[in-house]
Amino acid sequence: VSDMLATTAGHIENVRAAEDIDNGSFVSIAAFEAGDVWTMKKPVPAEGIYLVASVEDIYEDFSKMARAVENFYNAKGDVVRAYQLFARDKFALSKEAFADGAEPAVGKYLDFTKGYKAAIVAEAPAAGPVAKIYDVAPNGRFRVVVEKI
């Protein structure tokens, strides 16, 4: 989570994972569960989009492979952290955060209507959130800016 309004003035929600889900996935809030936990569903742009970005708790006594952040995921039933997207938010995603077969590149747009992982499209969506890949960081992560909600 790089530069997101939710970290200072928006909503960071606790949501129960409906299935195994990676950080960098996108969800919408479904229903209130209890306490401060909500249920989640696949993204529905008209209902608000949230970026899943839980703290990667990896224990020192795990094997080197188990400690690799690339192997971290949020298990079904876990309560995960989800950041509400706002215009001008910026964040970075690895290639694995995109839908299978997606070819992220500078100038391409994210499509939030295909499932938890964003698809890539050449043109900005006519309706709903518009998020564009504007750069590739030295570590290979794709930097994204939300242009409008």
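Since the model is a prediction, treat every value here as computed from it, not as a measurement.

Q: What am I meant to see in the overall build of the protein here?
A: Along the backbone of the protein there are 1 helix and 10 strands. Counting helices and strands in the order they occur from the N terminus, the protein gives β-β-β-β-α-β-β-β-β-β-β. Of all 149 residues assigned to the protein, the portion counted as buried reaches 37%. Counting only contacts in the protein whose residues sit at least 6 apart along the sequence, the fraction spanning at least 24 positions is 57%. For the protein, the computed accessible surface area is about 8,300 Å², with 50% contributed by carbon and sulfur atoms.

Q: I'm lost on the packing of aromatic side chains in this one. Help?
A: For any pair of aromatic rings, geometry is given as the distance between the ring centres together with the angle between the planes. In the structure shown here, the tally under the stated rule is 4 aromatic pairs. Taking the centre distance of 5.2 Å and the plane angle of 75° together, the rings of Phe-32 and Trp-38 count as edge-to-face. By relative accessible area, which is 48% here, Phe-32 ends up partly exposed. Between Phe-98 and Phe-142, the ring centres sit 5.9 Å apart and the planes meet at 85°, which makes this aromatic pair edge-to-face.

Q: What is the right way to read the nonpolar core from this model?
A: Note on soluble globular proteins: their nonpolar side chains tend to be buried together. Among the nonpolar cores identified, the biggest contains 22 residues, and Phe-26, Leu-85, Phe-91, Leu-93, Phe-98 and Leu-110 are the most heavily contacted of them. For this core, the secondary-structure elements that each account for two or more residues are strand S6 (90-93), strand S9 (130-136) and strand S10 (142-148). Core analysis: the second largest hydrophobic core is formed by 11 residues, Ala-17, Ile-21, Tyr-50 and Ala-82 among them.

Q: Help me understand the sheet that holds strand S1 (residues 12-16) in this model?
A: The pairing of strands in a sheet happens through backbone hydrogen bonds and is either parallel or antiparallel. Here 5 strands make up a closed barrel; going around it, the order is S1-S3-S2-S4-S5 and the pairing mixed. Averaged over all pairs of adjacent strands, the angle between their axes in this sheet comes to 55°, without regard to strand direction. In terms of strand pairing, S1 meets strand S5 (residues 79-84) through 5 bridges, oriented antiparallel. If you follow Asn-14 over to S5, its bridge partner there is Arg-81.

Q: Explanation requested: the pattern of salt bridges in the structure shown.
A: Two side chains bearing opposite charge may form a pair once their charged atoms approach each other closely. If you walk through the whole model with that rule in mind, you get 5 salt bridges. Put simply, Lys-114 and Asp-111 hold a salt bridge, and the shortest N to O gap is 3.9 Å. Assessed through its relative accessible area of 60%, Lys-114 is described here as exposed. Between Asp-135 and Arg-143 there is a salt bridge, with the nearest N and O atoms lying 2.6 Å from each other. Judged by its relative accessible area of 27%, Asp-135 is partly exposed. For Arg-143, a relative accessible area of 31% gives the class partly exposed.

Q: When you look at the side chain of Asn-74 in this model, what are you seeing that I'm missing?
A: Looking at the secondary structure, you find Asn-74 in the loop between helix H1 (64-67) and S5. Residue Asn-74 is classed as buried on the basis of its relative accessible area of 3%. At 3.0 Å, the side chain of Asn-74 forms a polar contact with the side chain of Asn-23. Setting aside chain neighbours within four positions, we find Asn-74 in contact with Glu-19, Asp-20, Ile-21, Asp-22, Asn-23, Val-52, Ser-54 and Val-80.

Q: Even after reading the chapter, I still don't get the pairing of S5, so can you show me in this structure?
A: For a regular strand, the rule is simple: side chains alternate between the two faces of the sheet. Alignment of strand S4 (residues 50-52) against S5, held across 3 bridges, turns out to be antiparallel. The residue bridging Leu-51 from the neighbouring strand is Tyr-83, located in S5.

Basis of the calculations
Residues numbered from 1 in each chain as written. Predicted model: local features only at pLDDT ≥ 70, side-chain atom pairs only at ≥ 80, totals over all residues. Heavy atoms only, no water. Helix = DSSP H or I, 4+ residues; strand = E, 2+ residues; numbered from the N terminus. Buried < 20%, exposed > 50% of the residue type's maximum accessible area, 1.4 Å probe, protein only. Contact = heavy atoms within 4.5 Å. Areas by Shrake-Rupley, 256 points an atom, 1.4 Å probe, with all protein chains shown as cover. Phe/Tyr/Trp six-rings, centres within 6.5 Å; stacked < 30°, edge-to-face > 60°. Core = buried A, V, L, I, M, F, W, Y, C linked by side-chain atoms within 4.5 Å. Pairing = 2+ DSSP bridges. Axes fitted to C-alpha atoms, helices over the stretch in contact; angles between N-to-C directions. Salt bridge = Lys/Arg side-chain N within 4 Å of Asp/Glu carboxyl O. Polar contact = N/O pair within 3.5 Å; in protein donor to acceptor, adjacent residues only side chain to side chain.

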